[in-house]
Amino acid sequence: PRVRSTRRRVAAMMRLLVALVFLAMPASAQIRTNAAIPYGPYQLQQLDLYRPSSCPPVGCAVVVWMHGHGGSRVLAPGDYQRRLPARFGIAIVSCDYRTTNGEPDSVSLEDVKRCRRSVTRHAIAWTLDSSRVACWGVSLGAYLCNWLATTCGVPWAGAGTQDECVRGGVSL
C-alpha cells in the first residue's frame, strides 16, 4: 500500500511538473510548412519541412522525424510534434522512406541517411543549422532513428559521410 501511495504521489508531481513547464513555454510560434519536397529519385523519398517563422540567422536546430507503421504516412508528425519544438525554435523535417514488405532494411536506412544529408545540403536555403540535428522516431521510425544515430560515418549505407550524423535520438 505504501509503495502505491508513493507512486501515485510521484506520478501526480510529474503531471504538475509537465503542466508547469508547459505554462513556462514561450507563446505559440507560427510554423511555415513546405510539403512533399523530394530528396531522392523515388516517389516515396519526400520530406515535409515544418519551420518556426522566427529562426535565428545561424538557423534553427532540426529534428528529423521518422514515422512508424511499416513505412506509411499514417504517423506523420501531429500538431503536438510540430508545435512543441517550434516553441523552442526547433524545425521538424518529416522523412518518408521506402521499406521491403513493411520491414526496415538497408534501403530504409539509406533513405533516412539521404534525408539527413538533404538537411545539410539545403540548410542555408531553409534557414537550418545542420550542425544541430537530432532524430525522433515512432515504431518502425524508432528503429530507423536508432540505426541513424549509431551508424554515423559508416559507409555501409549511403555515402558514409559526416553530414548524415545526428547529435541525438528519441525512439518511441
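The structure under discussion appears in the preceding block.
Definitions and cut-offs
Residues numbered from 1 in each chain as written. Predicted model: local features only at pLDDT ≥ 70, side-chain atom pairs only at ≥ 80, totals over all residues. Heavy atoms only, no water. Pairing = 2+ DSSP bridges. Helix = DSSP H or I, 4+ residues; strand = E, 2+ residues; numbered from the N terminus. Axes fitted to C-alpha atoms, helices over the stretch in contact; angles between N-to-C directions. Contact = heavy atoms within 4.5 Å. Buried < 20%, exposed > 50% of the residue type's maximum accessible area, 1.4 Å probe, protein only. Core = buried A, V, L, I, M, F, W, Y, C linked by side-chain atoms within 4.5 Å. Polar contact = N/O pair within 3.5 Å; in protein donor to acceptor, adjacent residues only side chain to side chain. Salt bridge = Lys/Arg side-chain N within 4 Å of Asp/Glu carboxyl O.

J.: Go over the sheet that holds strand 2 (residues 46-52), please, and point to the residues and values.
T.: Ordered in space as 1-2-4-3-5-6, the six strands form an open sheet in which the pairing is mixed. Of all strands in the sheet, those with a lone pairing partner are strand 1 (31-38) and strand 6 (169-171), marking the two edges. Looking at each pair of strands side by side, their axes are set apart by 20° on average, direction ignored. Bridge count between strand 3 (residues 60-66) and strand 4 (residues 90-95): six bridges; the pairing is parallel. Residue V62 lies in a different strand from strand 4, and its bridge partner there is A91. Set on the sheet, helix 5 (residues 140-150) makes contact with strand 3, strand 5 (128-137) and strand 6; between it and strand 5 the angle comes to about 135°.

J.: Describe helix 5, with residues and values.
T.: Residues L140, G141, A142, L144, C145 and L148 constitute the buried set of helix 5. The secondary structure elements touched by the buried residues of helix 5 are strand 3, helix 3 (106-121), strand 5 and strand 6.

J.: Could you give an account of the nonpolar core, with specific residues and numbers?
T.: With 27 residues, the main nonpolar core has M66 and L128 as its most contacted residues. Contributing elements (two or more residues each) for this core: strand 2, strand 3, strand 4, helix 3, helix 4 (123-126), strand 5 and helix 5. What M66 contacts, discounting residues up to four positions off in sequence, is C95, Y97, V112, C135, W136, G137, V138, G141, L144, C145 and L148. By size, the runner-up hydrophobic cluster in this structure holds six residues, among which are W65, I92, W136 and V138.

J.: I'd like to hear about unusual backbone geometry, residue by residue, with values.
T.: Negative phi characterises most residues that are not glycine, and trans characterises most peptide bonds. A positive phi angle, close to 55°, is found at T127, a residue other than glycine. One non-glycine residue, S139, lies in the positive phi region at around 60°. Examined against the element boundaries, S139 turns out to sit in the loop between strand 5 and helix 5. You can call S139 partly exposed: its relative accessible area is 44%.

J.: Could you give me a rundown of the environment of R132, with the residues and numbers involved?
T.: Position of R132 relative to the elements: it lies in strand 5. In sequence terms R132 and V166 are 34 residues apart; their C-alpha atoms lie 7.6 Å from each other. Excluding residues that lie within four positions of it along the chain, R132 makes contacts with G59, C60, A61, V62 and R167. In terms of polar contacts, R132 uses its side chain to reach the backbone carbonyl oxygen of G59, at 3.4 Å.

J.: Residues and numbers for the pattern of salt bridges, please.
T.: Summed over the entire model, instances satisfying the criterion amount to three salt bridges. Between D111 and R98 there is a salt bridge, with the nearest N and O atoms lying 2.8 Å from each other. In this pair, D111 sits in helix 3 while R98 sits in the loop between strand 4 and helix 3, placing the two residues 13 residues apart along the sequence. Each member of the pair, D111 as well as R98, is classed as buried. Between D129 and R132 there is a salt bridge, and its shortest N-O distance comes to 2.8 Å. Its relative accessible area of 14% is what places D129 among the buried residues.

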